[in-house]
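Topology and contacts: notes
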Amino acid sequence: MKTTDKKTALAELERLYPDAKPALKYTTAYELLVAVILSAQCTDERVNIVTEKLFQEYSTPESMLRLSQKQLEKYIFSCGFYRMKAEHILSASKDIVEKFGGEVPNTIESLMSLAGVGKKTANVVYSVAFGGAAIAVDTHVFRVSNRLGLAKGKTPLEVEDGLCKAIPKENWSKAHHWLIYHGRRVCHSQRPACKECTLAHLCDYAKSTAKSDVKVTKKSGAKKP
Ligand code: SF4
């Protein structure tokens, strides 16, 4: 995708989703951190159901550490990968209490030093809870960026790097939400709704699909309608 097309695509995403915001419910940086850990391979709707109950009693790292691994697993069972997620939540909570005085740290490096916290989780907490400039690449951001041609890459880190180059820094956090909304509402993983997509004229995937359709039509000898 050409630089000018990238700018046009970003402007269109902003026009489409001016109020894009996180779907996860939280009231503190710690609650957001726990919710993001739970959201791996799980819908935000499911996470919100689970955290609504969990945070009634366990909304700080200190209170969370009163739960045993097994007790926490029972709360978060329906989010999937519950053993690993319980382990990560407890380990991160322990680190927050022991190394950061009970406060979630506010830099990407220190967030990533917490047990079980990777780059994507750190970027979400840094940008959403602390207003920092970062682009978290989740499955939607990865897919839409690659299909559009906004930032191509085989790994989330490669895509993050490309997005950071393509998008002005002041829009990094907002662009993360625009791409998530577009992935959820239009550019679905299985059947992207390219015919309804207002970015189709700019999109690498849509253009390549249109070309292969023409080739198939020519090969099969189908007449134009
Ligand atoms: S044209 Fe299709 S592939 Fe491209 S962004 Fe839109 S829905 Fe996704």
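Parameters at a glance
Each chain has its residues counted from 1, running along the sequence as written. Reporting in this predicted model follows two pLDDT cut-offs: at least 70 for local features of residues, and 80 or more for side-chain atom pairs to be given and counted; totals over whole chains, interfaces and linings ignore these cut-offs and use all residues. The side-chain figures draw on all heavy atoms in the structure; neither hydrogens nor water molecules are used. Elements are defined by DSSP. Helices are runs of H or I of four residues or more, strands are runs of E of two residues or more, and each kind is numbered from the N terminus. Partly exposed describes any residue whose relative accessible area lies between the buried limit of under 20% and the exposed limit of over 50%, with all areas from a 1.4 Å probe on protein chains only and scaled to the type maximum. The contact criterion used throughout is that any non-hydrogen atoms of two residues lie within 4.5 Å. Only the protein chains shown count as cover for residues, with accessible areas throughout obtained via the Shrake-Rupley method and a probe of 1.4 Å. In summary, the charge assignment counts Lys and Arg as positive and Asp and Glu as negative, without counting His or the chain termini. By convention, the point assigned to a charge is CZ for Arg, NZ for Lys, CD for Glu and CG for Asp. Axes here refer to lines fitted to C-alpha atoms; in helices the fit is confined to the stretch in contact. Angles between the N-to-C directions go from 0 to 180 degrees. Here the word oblique covers every angle except those under 35 degrees (roughly parallel), over 145 (roughly antiparallel) and from 65 to 115 (roughly perpendicular). Should the near helix be turned anticlockwise from the far one by less than a right angle, the crossing is left-handed, and should it be turned clockwise, the crossing is right-handed. Residues are sorted three ways: Asp, Glu, Lys and Arg are charged, Ala, Val, Leu, Ile, Met, Phe, Trp, Tyr, Cys and Pro are nonpolar, and all the rest, Gly among them, are polar. Each polar contact in these results corresponds to two N or O atoms within 3.5 Å; when the atoms are within protein, one needs to be able to donate a hydrogen and the other to accept it, and residues that are neighboring in sequence are counted only if both atoms are side-chain atoms. Here a residue is considered near a molecule or strand provided that any single heavy atom belonging to it is located within 4 Å of it. Nonpolar core, defined: a set of buried Ala, Val, Leu, Ile, Met, Phe, Trp, Tyr and Cys residues in which side-chain atoms within 4.5 Å join the residues together.

**A closer look at the overall build of the chain**
A count of helical and extended segments in the chain gives twelve helices and zero strands. Principal axes of the C-alpha set define a box for the chain whose edges measure 70 × 35 × 30 Å. Of all 225 residues assigned to the chain, the portion counted as buried reaches 45%. Long-range pairs, those at least 24 residues apart, make up 57% of the contacts in the chain between residues at least 6 apart in sequence. Total accessible area on the chain is roughly 12600 Å²; 54% of this is exposed by carbon and sulfur atoms. Each charge class in the chain can be summarised by its mean position, and for the 35 positive and 24 negative side chains these summaries are 11 Å apart.

**Here's the deal with the packing of helix H2 (residues 29-38) against helix H6 (residues 82-100)**
The interhelical angle for the contact between H2 and H6, taken along N-to-C directions, is 155°, at an axis separation of 9 Å. Taken together, H2 and H6 sit at an angle that is classed as roughly antiparallel. Between H2 and H6 lies a crossing whose hand is right-handed. The segment H2 lies against H6, with Tyr-30, Leu-33, Val-34, Ile-37 and Leu-38 engaging Lys-85, His-88, Ile-89, Ser-93 and Ile-96. In terms of residue class, the contact of H2 with H6 is built from seven nonpolar, two polar and one charged.

**With respect to the side chain of Glu-160**
Inspection of the secondary structure assignment puts Glu-160 in helix H10 (residues 156-166). In this structure Glu-160 comes out as buried when scored by relative accessible area, which is 11%. Separated by 3.2 Å, the side chains of Glu-160 and Asn-123 make a polar contact.

**Points about the side chain of Ser-127**
Mapped onto the elements of the fold, Ser-127 is located in helix H8 (residues 119-129). Those residues in contact with Ser-127, other than ones at most four positions away along the chain, are Gly-132, Ala-134 and Ser-173.

**Describing the environment of Asn-123**
Along the chain, Asn-123 falls in helix H8. Asn-123 sits in the buried class, given a relative accessible area of 0%. For the pair Asn-123 and Met-112, spaced eleven residues apart in sequence, the C-alpha separation works out to 9.1 Å. Leave out the neighbours within four places in its chain, and Asn-123 touches Ile-108, Ala-134, Ile-135, Ala-136 and Glu-160. Within polar-contact distance, the side chain of Asn-123 engages the backbone oxygen of Ile-135 at 3.1 Å.

**Overview of the site of the ligand**
Around the ligand, the structure places Arg-147, Leu-148, His-182, Val-186, Cys-187, Pro-192, Cys-194, Cys-197, Ala-200, Cys-203, Tyr-205 and Ala-206. Elements with a contribution of two residues or more to the shell around the ligand: helix H9 (139-148) and helix H12 (204-220). Tallied by class, residues from the shell around the ligand come to ten nonpolar, one polar and one charged.

**Focus: the nonpolar core**
Grouped together as the largest cluster of nonpolar side chains are 37 residues, with contacts concentrated most on Val-34, Leu-38, Leu-54, Met-64, Leu-72 and Ile-89. Looking at this core, the elements with two or more residues in it are H2, helix H3 (44-57), helix H5 (69-76), H6, helix H7 (108-112) and H8. The biggest single contributor to this core is H2, with nine residues. Ignoring anything within four residues of it in the chain, the contact list for Leu-54 reads Val-34, Met-64, Leu-67, Leu-72, Tyr-75 and Ile-76. Formed by 30 residues, the second largest nonpolar core is a distinct cluster that contains Ala-20, Ile-135, Ala-175 and Val-186.

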